[in-house]
Amino acid sequence: MKKKHRFFNKGIGVMVAVGILVVVTLICLVLDYYDVPSMLGINTNVFNLDFWSIFLGNGIVITLFIVTFFLFDKKNLQKERLADYAGVVLLLDTYLECESFIKIIQGVLAGKVEKMQPKISEYIYNGPFKNDDKIFELLQGGHISKDSFEKYSYVKSQYKVLAYTVTEMKGQQEFASKLLKEIIQQIKEEKEKLQAYKESLK
């Protein structure tokens, strides 16, 4: 949200600067066209017209530079916001995937799945984290906060402990059930935070 305010304030500044320059230029053109100073009995010979021409010319160049810089900054800001948005979407997608796989794990704990094939066990273990590389790349670009990444890493590590315990170890239902509840709560809290931040980026 801070980026939005910075962009808004900068936009007002540019519009004011352009407006002032346009008004001053129009006034000078009207004064020159109708020769108003002479009509008012003002001796125009005392004015350095070359100086004012240079002044106005430089003003136009500077204003054009400011406008160009503003438009370039606006484009960059939009790209930054899109990257932030992508980071939120990837994290939310990962947590949704975790919830889907947790349903399978709950089925195993409930005894609905008696035997787990090695490939299925591996799929459950790694399945939710297919976006790992993209998430880390966005973290390096500053589009995912350290706090969000730390929570993501914690959920990931705890989920993998849970998946391994359920698929490879027997007789650990109590430990797995306790860990499962903790992971579900962590995912719920992170989803709420990310969803709120996602809405602020729209």
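It should be noted that the structure appears before, not after, this text.
Throughout what follows, the structure given in this document is the object of discussion. (Residues numbered from 1 in each chain as written. Predicted model: local features only at pLDDT ≥ 70, side-chain atom pairs only at ≥ 80, totals over all residues. Heavy atoms only, no water.)

Points about the packing of aromatic side chains
Next, step 1: Enumeration according to the criterion identifies 5 aromatic pairs in this entry.
Next, step 2: Residues Phe 101 and Tyr 123 carry aromatic rings whose centres are separated by 5.1 Å and whose planes lie at 65° to one another, so their mutual orientation is edge-to-face. Taken together, the residues Phe 101 in helix H3 (residues 49-109) and Tyr 123 in helix H4 (residues 118-126) connect sequence positions 22 residues apart.
Next, step 3: For Tyr 123, a relative accessible area of 53% puts it in the exposed group.
Next, step 4: Summarising the aromatic geometry, the rings of Phe 129 and Tyr 159 are spaced 5.5 Å apart at their centres and angled 70° between planes, so their arrangement reads as edge-to-face. Of this pair, Phe 129 sits in the loop between H4 and helix H5 (132-140) while Tyr 159 sits in helix H6 (residues 146-168), and the two are 30 residues apart along the sequence. Neither Phe 129 nor Tyr 159 differs from the other in exposure class; each is buried.
Next, step 5: Put simply, the rings of Phe 129, Phe 136, Phe 149, Tyr 152 and Tyr 159 touch in pairs and so form one group of aromatic residues.
Next, step 6: The ring of Phe 129 has Lys 156 sitting right over it, with the charged end atom 5.8 Å from the ring centre. (Phe/Tyr/Trp six-rings, centres within 6.5 Å; stacked < 30°, edge-to-face > 60°. Helix = DSSP H or I, 4+ residues; strand = E, 2+ residues; numbered from the N terminus. Buried < 20%, exposed > 50% of the residue type's maximum accessible area, 1.4 Å probe, protein only. Lys NZ or Arg CZ within 6 Å of the ring centre and 35° of its normal.)

A look at the pattern of salt bridges
Next, step 1: Summed over the entire model, instances satisfying the criterion amount to 7 salt bridges.
Next, step 2: Here Asp 132 makes a salt bridge to Lys 156, at a shortest N to O gap of 2.3 Å. Remark: Lys 156 occurs in helix H6 and Asp 132 occurs in helix H5; sequence separation between them is 24 residues.
Next, step 3: One salt bridge connects Glu 190 with Lys 151, and the closest N-O pair in it is separated by 3.7 Å. With Glu 190 in helix H7 (residues 173-201) and Lys 151 in helix H6, the pair connects residues that are 39 residues apart, well separated along the chain.
Next, step 4: When its relative accessible area of 23% is taken as the criterion, Lys 151 is described as partly exposed.
Next, step 5: The network of salt bridges with common partners includes Asp 147, Lys 151, Glu 190 and Lys 193. (Salt bridge = Lys/Arg side-chain N within 4 Å of Asp/Glu carboxyl O.)

Describing the environment of Ser 145
Next, step 1: Mapping Ser 145 onto the fold places it in the loop between H5 and H6.
Next, step 2: Note on Ser 145: relative accessible area 39%, which makes it partly exposed.
Next, step 3: Spatially, the C-alpha atom of Ser 145 lies 9.4 Å from that of Gly 87, the residues being 58 residues apart in sequence.
Next, step 4: In this structure the side chain of Ser 145 is engaged in a polar contact, spanning 3.0 Å, whose partner is the side chain of Ser 148. (Polar contact = N/O pair within 3.5 Å; in protein donor to acceptor, adjacent residues only side chain to side chain.)

A short note on the nonpolar core
Next, step 1: Grouped together as the largest cluster of nonpolar side chains are 30 residues, with contacts concentrated most on Leu 91, Tyr 95, Ile 105, Tyr 159, Leu 162, Ile 183 and Ile 187.
Next, step 2: Secondary-structure elements contributing two or more residues to this core are H3, H5, H6 and H7.
Next, step 3: Among the elements that line this core, the one with the most residues is H3, at 11 residues.
Next, step 4: If near-sequence neighbours (up to four positions away) are discounted, Leu 162 is found in contact with Ile 105, Ala 176, Leu 179, Leu 180 and Ile 183. (Core = buried A, V, L, I, M, F, W, Y, C linked by side-chain atoms within 4.5 Å. Contact = heavy atoms within 4.5 Å.)

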